[in-house]
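What follows is the residue order along each chain.
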Amino acid sequence: MPAADGVYVLHDSRLSGNAWKVRLLLSHLGLPFRRVTYVLPEGKTRTPEFLAWNPLGKVPVLELPTGEALFESCAILCHLAEGTPFLPPPGIDRARVMQWLFFEQAEAVKPLAGARFWIAVARRPEEKAAEIAEWHAAGNRVLGILDARLAAREFLATDRCTIADIANFPYVAMSPEGGYDLGRYPNVAAWVDRVRRQPGHVPLIEEPTAAKESV
Ligand SMILES: N[C@@H](CCC(=O)N[C@@H](CS)C(=O)NCC(=O)O)C(=O)O
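Being a predicted model, the structure only gives us computed values, none of them experimental.

**Q** Explain the nonpolar core to me, and be specific about the residues and the numbers.
**A** Judged by nonpolar contacts, the single largest core of 58 residues is most densely connected at I163, V188 and W191. Contributing elements (two or more residues each) for this core: β1 (8-13), α1 (17-28), α3 (73-81), α4 (92-121), α5 (129-149), α6 (163-173) and α7 (186-196). Sequence-distant contacts of I163, that is, excluding residues within four places in its chain, are made with L25, L77, C78, A81, F86, L87, V97 and L101. In this structure, F50, W53, V59 and V61 belong to the second largest nonpolar core, which totals five residues.

**Q** Explain the pairing of β1 to me, using residue names and the numbers behind them.
**A** Along β1, six of the six residues are buried, which leaves the element largely enclosed by surrounding structure. For β1 and strand β2 (residues 33-38), the ladder comprises six bridges, and the chain directions are parallel. The partner of S13 across the bridge, within β2, is Y38. Looking at chain direction, β1 and strand β3 (residues 61-63) are connected through three bridges and run antiparallel. By the bridge assignment for β3, V9 is matched with E63.

**Q** So what about the site of the ligand? Which residues, and what values?
**A** In the neighbourhood of the ligand, the contacting residues comprise S16, N18, L40, R46, G57, K58, V59, P60, E72, S73, Q105 and Y171. In the model, an oxygen atom of the ligand is placed 3.4 Å from a nitrogen or oxygen of the N18 side chain. At 2.6 Å from an oxygen atom of the ligand is found a side-chain nitrogen or oxygen belonging to S73. Here the ligand loses 75% of its free accessible area of 510 Å² to cover by the protein chains. Tallied by class, residues from the shell around the ligand come to four nonpolar, five polar and three charged.

**Q** Account for the sheet that holds β2, with residues named and values stated.
**A** Reading across the sheet, the four strands line up as β2-β1-β3-β4 and stay open at both edges, with mixed pairing between neighbours. Two strands lie at the open edges of the sheet, namely β2 and β4 (69-71), each paired on one side alone. Within the sheet, the average angular offset between the axes of one strand and its neighbour, ignoring direction, is 20 degrees. Bridge count for β3 against β4 is three bridges, and the pairing is antiparallel. Residue E63 lies in a different strand from β4, and its bridge partner there is A69. Sitting on the sheet, α1 touches β1, β2 and β3, and the angle it makes with β1 is about 145 degrees. The sheet strands contacting α3 are β1, β3 and β4, and the helix crosses β4 at an angle near 130 degrees.

**Q** Tell me about α4, residues and numbers included.
**A** Along its length, α4 shows its largest kink, about 55 degrees, at A108, and proline P111 lies within four residues downstream of that point. The first or second residue beyond α4 is R123, which carries a positive phi of 55 degrees.

**Q** Any details on the side chain of R94? Residues and values, ideally.
**A** Note that R94 resides in helix α4. Classification of R94 as buried rests on a relative accessible area of 16%. With residues up to four places along the chain from it excluded, the contact list for R94 reads E82, L87, P88 and P89.

**Q** Can you tell me about unusual backbone geometry, naming the residues and giving the values?
**A** A cis amide bond, omega 5 degrees, links V59 with the succeeding residue P60. Structurally, the position occupied by P60 is in the loop between α2 (48-53) and β3. Unusually for a residue other than glycine, E72 sits at a positive phi of about 75 degrees. Secondary-structure assignment places E72 in the loop between β4 and α3. The class for E72 is partly exposed, based on a relative accessible area of 38%.

**Q** Any chance you could break down the state of the cysteines for me, citing the residues and the numbers?
**A** As used here, a disulfide is simply a covalent bond connecting the sulfur atoms of two cysteines. Evaluation of the coordinates by the stated rule reveals zero disulfides. The thiol of C74 is not disulfide-bonded; the next cysteine sulfur, from C78, is found 6.9 Å away.

Cut-offs and rules
- Residues numbered from 1 in each chain as written.
- Predicted model: local features only at pLDDT ≥ 70, side-chain atom pairs only at ≥ 80, totals over all residues.
- Heavy atoms only, no water.
- Core = buried A, V, L, I, M, F, W, Y, C linked by side-chain atoms within 4.5 Å.
- Buried < 20%, exposed > 50% of the residue type's maximum accessible area, 1.4 Å probe, protein only.
- Helix = DSSP H or I, 4+ residues; strand = E, 2+ residues; numbered from the N terminus.
- Contact = heavy atoms within 4.5 Å.
- Pairing = 2+ DSSP bridges.
- Near = heavy atom within 4 Å.
- Polar contact = N/O pair within 3.5 Å; in protein donor to acceptor, adjacent residues only side chain to side chain.
- Areas by Shrake-Rupley, 256 points an atom, 1.4 Å probe, with all protein chains shown as cover.
- Nonpolar A, V, L, I, M, F, W, Y, C, P; charged D, E, K, R; others polar.
- Axes fitted to C-alpha atoms, helices over the stretch in contact; angles between N-to-C directions.
- Bend = angle between axes of the 7 residues up to and from the residue.
- Disulfide = S-S within 2.5 Å.

What follows is the structure, given as structure tokens:
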């Protein structure tokens, strides 16, 4: 369905951390949007219409009021945050924001989200036992790096909450579902609470919990 009514349309799934990032920023910025929520195994992200928005067939996709569509959560964050305090103007602070966005995509998502998916969403950890062991090693390294970064600062990139924090938040906050112990990373745990207390914060699941979670 096109963004005919001139508002943002977020194509997401209920348990997607990547889509949660976008919903968080839309809410922080007070931007009205419509949600189209997919049950990923149903295959509706593989239709020609969806693939025209994102050839990878993944959520999130954001339809803009102009009718154009963007995929890749961090690119969407950059676009929405342009000209707001969530993305500093060109310079070293903006480069630091980018640094932590790339860190999230290149280093953090796979081990944190992979373990969470197989343990807490698919609930078939035995199928990925070897990978989960590898993810836990890599993910604990990531959490250690974040903990060191946050030892003497409140936010990842600058002295305020930016899209660097919004991007890293979901899969770090949900990492205990994947068997990670945030008690080992007190600076990360305090940052998770801090990001959660930002005005406009929304939970992953906003409606009452259904009996059976869909992906
Ligand atoms: N790098 C992408 C990853 C997107 C992604 O992996 N989306 C998942 C949900 S969190 C998805 O749609 N998976 C379904 C599939 O791979 O078919 C982003 O940050 O947006």
